[in-house]
Amino acid sequence: MKYEEANYVKGGQGTKIQVSDYTQQQLEEMEQDGEFHCPGKNCDAKLCLVHHSKNGGRTYFLKAVDDNKHSPNCDYKIGNYNPIFVREPENGYFTEEQVNNHVKIVDRDVNAPLKSSTDKKKKNENNKNKKTGQKNQEDGEKQIRKTANFGKVVYGDDGLEGTKGRMSRSYTIQTHDIGRMKTIYGNAKHIELDEYGQLHINYKDDRLSNIEVIAGAIIEHNYPTVYANLYLAEKYFGDNRKEKEVSVTTGGLVTEKKGKIVMELLTDGGLRIDGKTINNLLLENVRKSI
């Protein structure tokens with residue numbers, strides 16, 4: 001559990017602070033002179049400063065020294081804390097591959113150049129050949145149709161009574177979309193890491209100005225390598241924003257946090273920047289270093 005605020009105790013006096021108001025060095029000095037405590041009601045669990053060397057030391061946060069020291073009903077105790085409001089899924093369950101493929105398809109449809117008439121003619125010829133091949137196999141081994149609904153479930157219930165959900169692209173996002181899986185696209189206005197190492201994306205398009213996209217705790221838990229390299233998205237945006245528009249396509253769960261509509265990324269391929277995933281950016285970075 002990471003804390004955006006905390007009670008700082010020094011000389012027997014407690015003050016509630018916002019962690020983001022202080023630099024890593026200031027927090028380290030404060031920890032030497034006093035103690036950080038949980039901001040929960042009637043809770044005095046001690047917190048400690050945790051920081052990483054990645055991202056130039058910019059990633060730092062507070063966490064409980066021992067989660068069991070929280071009071072039983074403390075909102076910050078793991079199992080009690082629920083920072084994001086999420087409605088029950090309305091449209092089935094969704095898999096990792098399904099989400100990643102949908103984001104890839106939408107990104108390609110929006111940003112790929114239109115195919116020439118020659119390309120369309122070749123495609124039609126290939127389709128005819130494909131149908132002929134399928135007809136010739138009618139008496140042979142039955143073909144298995146591959147779908148995008150494989151892989152681990154990232155949202156929804158995959159029980160016996162569950163149904164596969166359907167990803168949909170949206171031009172705008174409104175409050176009635178909360179609890180639904182959506183894919184959106186546009187040009188980036190901001191792509192930056194916060195002090196906790198989470199990636200925040202805002203769109204330049206007015207139609208998407210009411211939503212913020214976050215790659216946070218879920219990515220950190222399920223895809224630690226991707227999470228550790230989210231800074232590459234920030235760097236790519238910073239390196240290219242002055243020369244061109246940076247296209248962003250994101251797919252994830254629409255939620256609400258602190259009264260603001262948020263899209264929470266759930267998969268490693270739920271974000272594409274100019275057609276590139278974080279893994280693609282990582283591979284490019286490795287090749288440049290060789």
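Provided above is the structure to which this section pertains.
The rules behind the values
- Residues numbered from 1 in each chain as written.
- Predicted model: local features only at pLDDT ≥ 70, side-chain atom pairs only at ≥ 80, totals over all residues.
- Heavy atoms only, no water.
- Core = buried A, V, L, I, M, F, W, Y, C linked by side-chain atoms within 4.5 Å.
- Buried < 20%, exposed > 50% of the residue type's maximum accessible area, 1.4 Å probe, protein only.
- Helix = DSSP H or I, 4+ residues; strand = E, 2+ residues; numbered from the N terminus.
- Phe/Tyr/Trp six-rings, centres within 6.5 Å; stacked < 30°, edge-to-face > 60°.
- Axes fitted to C-alpha atoms, helices over the stretch in contact; angles between N-to-C directions.
- Parallel < 35°, antiparallel > 145°, perpendicular 65-115°, else oblique.
- Contact = heavy atoms within 4.5 Å.
- Nonpolar A, V, L, I, M, F, W, Y, C, P; charged D, E, K, R; others polar.

**With respect to the nonpolar core**
Ranked by internal contacts, the top residues of the largest apolar core, which has 32 residues, are Ile-184, Ile-191, Leu-199, Leu-230 and Leu-271. Core analysis: the next-biggest nonpolar cluster, separate from the first, contains 20 residues, Ala-6, Cys-43, Val-50 and Phe-61 among them.

**Some thoughts on unusual backbone geometry**
Although it is not a glycine, Asn-42 sits at a positive phi angle of roughly 55°. Note that Asn-42 resides in the loop between β3 (35-37) and β4 (46-51). In this structure, Lys-258 takes a positive phi of about 55° despite not being glycine. Relative to the elements of secondary structure, Lys-258 occurs in the loop between β12 (247-257) and β13 (260-265). By relative accessible area, which is 70% here, Lys-258 ends up exposed.

**What about the environment of Glu-256?**
Within the secondary structure, Glu-256 is located in strand β12. A relative accessible area of 27% means that Glu-256 is categorised as partly exposed. Linking Glu-256 and Ile-211, residues 45 residues apart in sequence, is a C-alpha distance of 9.5 Å.

**Thoughts on the packing of aromatic side chains**
Throughout the structure, instances matching the rule amount to two aromatic pairs. Between Tyr-8 and Phe-36, the ring centres sit 5.2 Å apart and the planes meet at 45°, which makes this aromatic pair tilted. Of the two residues, Tyr-8 sits in strand β1 (residues 5-10) while Phe-36 sits in strand β3, which places them 28 residues apart along the sequence. Here Tyr-8 and Phe-36 have matching classes, each one buried. Here Phe-94 and Tyr-155 contribute two aromatic rings whose centre-to-centre distance is 6.5 Å and whose plane-to-plane angle is 25°, an arrangement assigned as stacked. With Phe-94 in strand β6 (residues 94-95) and Tyr-155 in strand β7 (residues 153-155), this residue pair connects regions lying 61 residues apart in the sequence. Residue classification places Phe-94 among the buried positions, given a relative accessible area of 0%.

**Observations concerning the packing of helix α6 (residues 231-240) against helix α7 (residues 278-289)**
Between α6 and α7, the least distance of the axes is 9 Å, while the angle of their chain directions is 75°. Taken together, the axes of α6 and α7 are roughly perpendicular relative to one another. Note on element contacts: α7 touches α6 through Ile-278, Leu-281, Leu-282 and Asn-285, opposite Tyr-231, Leu-232, Ala-233 and Tyr-236. Partitioned by chemical class, the residues of the contact of α6 with α7 number seven nonpolar, one polar and no charged.

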